[in-house]
Each structure stands twice: as C-alpha cells, then as structure tokens.
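Spelled out, the chains give:
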Amino acid sequence: MSTETSKNLQILGGGPGGLAAAYYARKAGLKVALYEGSDSTGGNAKTLKLGDCLFDTGAHRLHDKIPEVTKEIRSLLGSDLLTVNAPSRIHFAGRRLRFPLQPGDLLRQLPLRILVRIILECLQKRGQQDLPNFRSWAVSQYGQTLADLLLLNYSEKLWGEDTANLSPQISGGRLRNLDLRAFLRGLLPGEDSRHLDGSFLYPRNGFGSIFERMTEEIGGDHIHCNSRITKLINEKGRVTAFELNDQTNVEAETLISTLPLPLMMKILDPAPPTEILRKARSIRFRKLLLCVFCLKRDRFSDNASIYFPDSDLPFTRLYECKNRSIFVAPEDQTAIVLELPCHESSVYWKMSDTDLLEKVLSALVDVESIEQEEILQTAVYRLPFAYPILEVGIEQTVSELVSYLDGFENLHLIGRNATFRYLHTHDLFNEAETLIRQIGLSEHATTG
C-alpha cells in the first residue's frame, strides 16, 4: 500500500462493490472507513460452511474478461485461483441439455417435430432491433418454439413477472449464434467452439475467499461492521453527515454508497421531492432463497449448475461448488444449493426453514433420487436484495434517480444495488478502480 493522502473516503456497504472500492482506495493511499450493516463483509458473495462442506451464497464464478482485473485477483489469491472446466445443463423433460445451448445437442435430444418447428422459425425470424419487451425480443431472436421451451418459462420463474413486462436488457448472450446455419453445423461431427462456455476461474476455497482476502488487505481498523446506515443528512447539494444504527451521527466527507437505490432515497434527510420518492418505491428487487443440502456422496452431478425451466419445480437453479473446486468438501461429501427466487409476498418466503426444505426435497427427488440417510445437514440462507427487476421503462426511472443523487457533490454510487444494473465481479473491480482513480485525481487537484 502507498503512503496515505489527506483524503477521507467513507464507503457505505461492505459487499463486493464496497470492498472493491475500499481495496483500490487503500492501494491509492486514501484514508478509508467502510461501514457494513451486518456482522461480516462480502454481501451476497460469501462462502459459508455447512458441516464439513463449503458453499457460496450464489452460483458465482470469475470470467477472464478484463485482464487487469484478473491480474489483480490473481495477485490476491496466487495459485489458489483455479482454472475450471465444468459445463452447465438445462433440465428439460427428463433430459439434460447443454448450457449455453448447442445446436448439435438440441438436434440429438429434442423430438423431431419440435426441431422442425425450430428450424422453420429460424428461416422466418429477422432478429428485429429496438423491440419493446423481453418476450418480443426473445421470439424475434430465436423463434416462438425455442423461446417458449427454454427461455420465457425460465425467465418468468426467475423474475416472477410476465416476460412482456420485462425489459430486453435481461437478455444477455446465452442463446447466441442459434440460427439455421448453427443447426446445420450441428449435424457435423465435433463441437462448435462458439457454444462452449464451461471454462472459468474460481478460487480454491470458494468464491467468497476473493472478498475475504480483500478484507484482510483493507485492514480491520478500516472496517466497521454492525454499522447500519439509517440516515443521510444533506444540505445545499452535499451529504453533511450520516447516521449509524438510528443513534450516532458521523460527519460525511467523500462518500461511496453501495446501498440499494430505493433505500438511499428513503433515508435522505431532508427527504427528496415526492415524485422522486414515488419513483424510488416503484423499483423492486427480487428476493432469493438458498436451500443447502450437505450430502454423504462424492458428487450430485458433474455440472457447475443445472437450470430448471419447468414451472412445476419451485427452484430455478442447482449449483454444486465441489464441481468448481474439489477442495470445498471431503472426498465422500458434497453440498448442493438450490435457488428459489421469490417476492416478499411469496408463500416460500414466508415458510419456515423446515417446511421450505421439505418442499424443496420433495420436488428434487422427482429430478434425482436422494435417500434420507444421505442428508448430513441442511440450511436456508435468505438474500433480500438478490436481483434488480428490470421492468419495461426502468431505464428512465433509474436514470432520474441516479441523476438526483449525482446532485450531491460528495456522493458516488457503485455496485449492482446502488446503480440498479447487472454487474459481474470483473465489472465491479473495473468500475471501482476507475472511480478511485478519479477521486484520487480530484484529491491531487485540490491539494496541488
């Protein structure tokens, strides 16, 4: 770490975004104080222990998309950052389709009548641009049959919304290159490399170890856990102080916030205009339940993740961290995690842990048999702010809210929840490094 400057940087939230900002700030020599509401850092990217097995609070993995970020994480973990080859699958009608979808695999696994429809729709589709919602985008890109079978049903389970109400932003590139030429190539022997996506980077001791190492580098003297931000006191275009745990005021200097966007609006004092508050209340996050089973068997599957579009199954995805790193569980044990996205009003969110685990296990045995004596331990983990729900028109609403907060000269936003965007780990690191560099340059200009 370099010699500290006079800049005092206060970071609100100790999840991945806040830790990345604090880490780069310490490297740049800035004075840092990070405030986290819970008793530990890591946010939604922790690695926890159940019995003798480690599991991640999410199906996380690191893609080598930004070389500088990969180099930085490798400097933290060294040889503990592993290169992993573990494919994912879609569980569909008793079959396990490769994911991302591969034309050759679809040709081998889907019934002929469905394949004919898919190919005919590939001939007709035009891939229109600027379509109003995710449903119309998906049908335009992949045809009605393929969209219905493997994309729209799954998306409605994941988001809890009709796909006609969701923004095309949620699309990503997971069904890329699925056109008629791709299906014809699938008739040839060998694999089409454009559809192979089973290689990624993953830490030896779980994904959360990235953020555990960052916490160590930042230093315990700079991190204040059990420090919930309950008020942002502002005056004349500046946040002048923030309140901790409804009782202690701290003078604000330069702030970086990772708090959920609607929460920031709610705790501003004085409050924003009524229309801004109304718009803040209109944006929503999807909650996520993680049901964890530690099993007395060496593996549940050989896949990184298995996706479940079937609406009769309550879970959307199963992941097994041992297929990312063999070091997270003993040879004869493994932990599987099943994700259940839901709204606060969902019956699943209101269930007791015991009832929820029983419900999930009952559905899981229809997919693959698990004997009761194999289950060593179970747990339920709840994520209240898992995914921003990107509804049609959300871009304009978020833009107005962010613009309002940009009006506070000493406040900066970073992270998925604060900016209401989908950001992967490499994105967070890159944005944090850029933001800290800008703040450092500002400090230099002020003191120079």
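Residues numbered from 1 in each chain as written. Predicted model: local features only at pLDDT ≥ 70, side-chain atom pairs only at ≥ 80, totals over all residues. Heavy atoms only, no water.

Asker: Looking at this model, I keep getting lost on the overall build of the chain. Mind explaining?
Answerer: On a plain count of helices and strands, the chain comes out with 15 helices and 20 strands. In the chain, buried positions account for 55% of the 448 residues. Of the contacts formed within the chain by residues at least 6 apart in sequence, a portion of 71% connects residues at least 24 apart. Put simply, the chain shows about 20100 Å² of open surface, and 48% of that area lies on carbon and sulfur atoms. (Helix = DSSP H or I, 4+ residues; strand = E, 2+ residues; numbered from the N terminus. Buried < 20%, exposed > 50% of the residue type's maximum accessible area, 1.4 Å probe, protein only. Contact = heavy atoms within 4.5 Å. Areas by Shrake-Rupley, 256 points an atom, 1.4 Å probe, with all protein chains shown as cover.)

Asker: Just checking my understanding: could you explain the pairing of strand β17 (residues 317-320) for this structure?
Answerer: If a strand is regular, its side chains alternate between the two faces of the sheet. What you see with β17 is no split at all: R317 and Y319 on one side and L318 and E320 on the other are buried throughout. Sheet topology note: the strand β16 (residues 305-307)/β17 ladder contains three bridges and is antiparallel. Its bridge partner lying in β17, Y307 is registered against R317. Summarising the sheet, β17 and strand β18 (residues 334-342) pair through four bridges and their orientation is antiparallel. Paired with L318 across the bridge in β18 is L338. (Pairing = 2+ DSSP bridges.)

Asker: So what exactly am I meant to see when it comes to the side chain of R317 here?
Answerer: If you trace the backbone, R317 turns up in strand β17. Polar contacts involving the side chain of R317 include one to the side chain of E339, which spans 2.9 Å. With residues up to four places along the chain from it excluded, the contact list for R317 reads A59, Y154, S305, I306, Y307, F308, V337, L338, E339 and Y387. (Polar contact = N/O pair within 3.5 Å; in protein donor to acceptor, adjacent residues only side chain to side chain.)

Asker: Would you take a moment to explain helix α10 (residues 274-282) for this structure?
Answerer: Each turn of an α-helix holds 3.6 residues, which means side chains three or four residues apart point in the same direction. Regarding α10, the residues found buried are I276, L277, K279 and A280. Down the axis of α10, the smallest arc covering the buried residues is 165 degrees, so these residues share one side. Of the residues in α10, the exposed ones pointing more than 90 degrees away from the buried face are T274 and R281. (Arc of directions from axis to C-beta.)

Asker: Sorry, what's going on with helix α2 (residues 67-77) here?
Answerer: Looking at α2, one finds that the buried residues are V69, T70, E72, I73, L76 and L77. Buried positions in α2, seen along its axis, are confined to an arc of 160 degrees and lie on one side of it. Residues P67, E68, K71 and S75 are exposed on α2 and point more than 90 degrees away from its buried face. Downstream of α2 by a residue or two, G78 has a phi angle that is positive, lying close to 60 degrees.

Asker: Honestly, the sheet that holds strand β6 (residues 88-92) in this entry has me stumped. Any pointers?
Answerer: Either a parallel or an antiparallel arrangement is found when strands of a sheet pair, and the pairing is made through backbone hydrogen bonds. Taken in spatial order, the seven strands make up an open sheet running β7-β6-β16-β17-β18-β15-β19, and their pairing is mixed. Two strands close off the open sheet at either side, each with one partner strand: β7 (95-99) and β19 (375-388). Here the strands of the sheet are splayed against their neighbours by 25 degrees on average, with no regard to which way each runs. Lying over the sheet, helix α12 (residues 353-364) contacts β15 (285-295), β17, β18 and β19, oriented at roughly 75 degrees with respect to β15. (Axes fitted to C-alpha atoms, helices over the stretch in contact; angles between N-to-C directions.)

Asker: When you look at the packing of aromatic side chains in this model, what are you seeing that I'm missing?
Answerer: Two measures describe an aromatic ring pair: the distance that separates the ring centres and the angle between the ring planes. Inspection of the entire model under this criterion finds 14 aromatic pairs. Ring centres of Y24 and F429 lie 6.2 Å apart, and the angle between their planes is 85 degrees; this geometry places the pair in the edge-to-face category. With Y24 in helix α1 (residues 16-27) and F429 in helix α15 (residues 425-447), this residue pair connects regions lying 405 residues apart in the sequence. Taking relative accessible area as the criterion, Y24 reaches 9% and is therefore assigned buried. The exposure class assigned to F429 is buried, which follows from its relative accessible area of 1%. Here Y154 and Y307 contribute two aromatic rings whose centre-to-centre distance is 5.8 Å and whose plane-to-plane angle is 75 degrees, an arrangement assigned as edge-to-face. In this pair, Y154 sits in helix α6 (residues 144-159) while Y307 sits in strand β16, placing the two residues 153 residues apart along the sequence. An aromatic cluster is present here, built from Y23, Y24, F207, F211 and F429 joined pairwise through their rings. (Phe/Tyr/Trp six-rings, centres within 6.5 Å; stacked < 30°, edge-to-face > 60°.)

Asker: What is the right way to look at the pairing of strand β10 (residues 229-234) in this model?
Answerer: Alignment of β10 against strand β11 (residues 239-244), held across five bridges, turns out to be antiparallel. Bridge pairing in β11 places L232 opposite F242. Taking the residues between adjacent antiparallel strands as the criterion, β10 and β11 are bridged by four residues, where K236 takes a positive phi near 50 degrees. Strand direction decides the pairing type here: β10 and strand β14 (residues 268-269), joined by two bridges, are parallel. Of the residues in β14, the one forming a bridge with I233 is D269.

Asker: Just checking my understanding: could you explain the sheet that holds strand β2 (residues 31-35) for this structure?
Answerer: Across the sheet, five strands lie side by side as β9-β2-β1-β13-β20; this open sheet has parallel pairing. With one partner strand each, in any of the chains shown, β9 (223-224) and β20 (411-413) form the two edges of the open sheet. Where strand β13 (residues 254-257) meets β20, three bridges bridge the pair, whose relative direction is parallel. When the sheet's bridge partners are listed, S257 is paired in β20 with L413.

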